[in-house]
Amino acid sequence: MSNQPFWKITPLEAMSPTQWESLCDGCGKCCLGMVDDPQKPDALKHTSVACRLLDPHECRCSSYEDRHRFVPDCVRLTPTKIKTLSWLPSTCAYRLLSEGKDLPSWHPLVTGNSESVHNAGMSVRGRTVSEREVQQNGGDFTAYIADWPT
Ligand code: SF4
Ligand code: SF4
């Protein structure tokens, strides 16, 4: 038996559902609204606007299993799809492993502490504005374009 952690020795395609889900570091960055990049055609920019289902403190989906009932366009990540999603943050564990890289030192699987992603300042905690609030104020997401999520 190898002493290596599963993410170092198991291809993404061969992971169990539990292993796959545990890779998510809980940063919440992929749950931010995006807008067209004013500088680059066909590119997207992140904003600090949180999806209506995102818990802004836990940085997790508040209705993950049922989310497509409320947010039909929420993307379901797969090993194949990851390679096509250029907007996935550079810190995303799925993206890193898909690119042949390791998990960062602050990843909860490495530290054994689910708070480590927040303590390292790598999550959206304390940095978002609610989608509902933005919509109540005219719905202009471009006013919230942000570089930090990438
Ligand atoms: S960006 Fe990646 S690691 Fe972060 S919440 Fe989304 S899927 Fe999880
Ligand atoms: S539905 Fe849930 S998982 Fe999907 S973007 Fe919104 S908060 Fe994130």
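Residues numbered from 1 in each chain as written. Chains lettered and ligands numbered in written order. Predicted model: local features only at pLDDT ≥ 70, side-chain atom pairs only at ≥ 80, totals over all residues.

For the rest of this paragraph, the subject is the overall build of the protein chain. When helices and strands are tallied, the protein chain shows eight helices and five strands. Along its sequence from the N terminus, the protein chain presents helices and strands in the succession α-α-β-β-β-β-α-α-α-α-α-β-α. Radius of gyration (C-alpha) of the protein chain: 16 Å, near the 15 Å computed for a compact globule of 150 residues. Based on the C-alpha atoms only, the size of the protein chain along its principal axes is roughly 60 × 30 × 30 Å. For the protein chain, buried positions account for 25% of its 150 residues. Within the protein chain, residue pairs in contact and separated by at least 24 positions form 55% of the contacts whose partners lie at least 6 positions apart. (Helix = DSSP H or I, 4+ residues; strand = E, 2+ residues; numbered from the N terminus. Rg over C-alpha atoms; globule rule 2.2 N^0.38 Å. Buried ≥ 20, exposed ≤ 12 C-beta atoms within 10 Å, placed from the backbone. Contact = placed C-beta atoms within 7 Å.)

Right, let's talk about the site of ligand 2 for a bit. Cys31, Cys51, Leu53, Leu54, Cys61, Arg67, Val71 and Cys74 make up every residue found near ligand 2. Residues that form the shell around ligand 2 fall into these classes: seven nonpolar, no polar and one charged. (Near = placed C-beta within 6 Å. Nonpolar A, V, L, I, M, F, W, Y, C, P; charged D, E, K, R; others polar.)

It is worth spelling out the nonpolar core at this point. In this structure, Cys31, Ala50, Cys92, Ala93 and Tyr94 are the most contacted members of the largest nonpolar core, which totals 22 residues. Every element with two or more residues in this core is listed here: β2 (44–50) and α5 (93–98). In terms of residues, this core owes the most to one element, α5, which gives four residues. (Core = buried A, V, L, I, M, F, W, Y, C linked by C-beta atoms within 7 Å.)

Here three strands make up an open sheet; going across it, the order is β1-β2-β5 and the pairing mixed. Of all the strands in the sheet, just β1 (32–36) and β5 (129–130) have a single pairing partner and so form its edges. (Pairing = 2+ DSSP bridges.)

Once that is clear, we can look at the environment of leucine 32. Here leucine 32 shows up in strand β1. C-beta crowding within 10 Å serves as the criterion here: with 25 such atoms nearby, leucine 32 is assigned to the buried category. Distance in space between the C-alpha atoms of leucine 32 and valine 49 is 5.4 Å, their sequence separation being 17 residues. If near-sequence neighbours (up to four positions away) are discounted, leucine 32 is found in contact with His46, Thr47, Ser48, Val49, Ala50, Val124, Thr128 and Pro149.

Take leucine 96: it is sitting in helix α5. Separated by 13 residues in the primary sequence, leucine 96 and lysine 83 place their C-alpha atoms 11 Å from one another. Those residues in contact with leucine 96, other than ones at most four positions away along the chain, are Lys101 and Leu103.

By the criterion of burial, β2 is predominantly enclosed, with five of the seven residues buried. The sheet contact formed by β1 and β2 spans four bridges and is antiparallel. Across the sheet, the residue bridging to methionine 34 is histidine 46, located in β2. In this sheet, β5 lies alongside β2 in parallel orientation, the contact comprising two bridges. Considered in β5, the bridge of valine 49 is made with valine 129.

All right, on to unusual backbone geometry then. Negative phi characterises most residues that are not glycine, and trans characterises most peptide bonds. Positive phi values are uncommon outside glycine, yet aspartate 42 reaches one of about 70 degrees. Within the fold, aspartate 42 resides in the loop between β1 and β2. You can call aspartate 42 exposed: it has 7 C-beta atoms within 10 Å.

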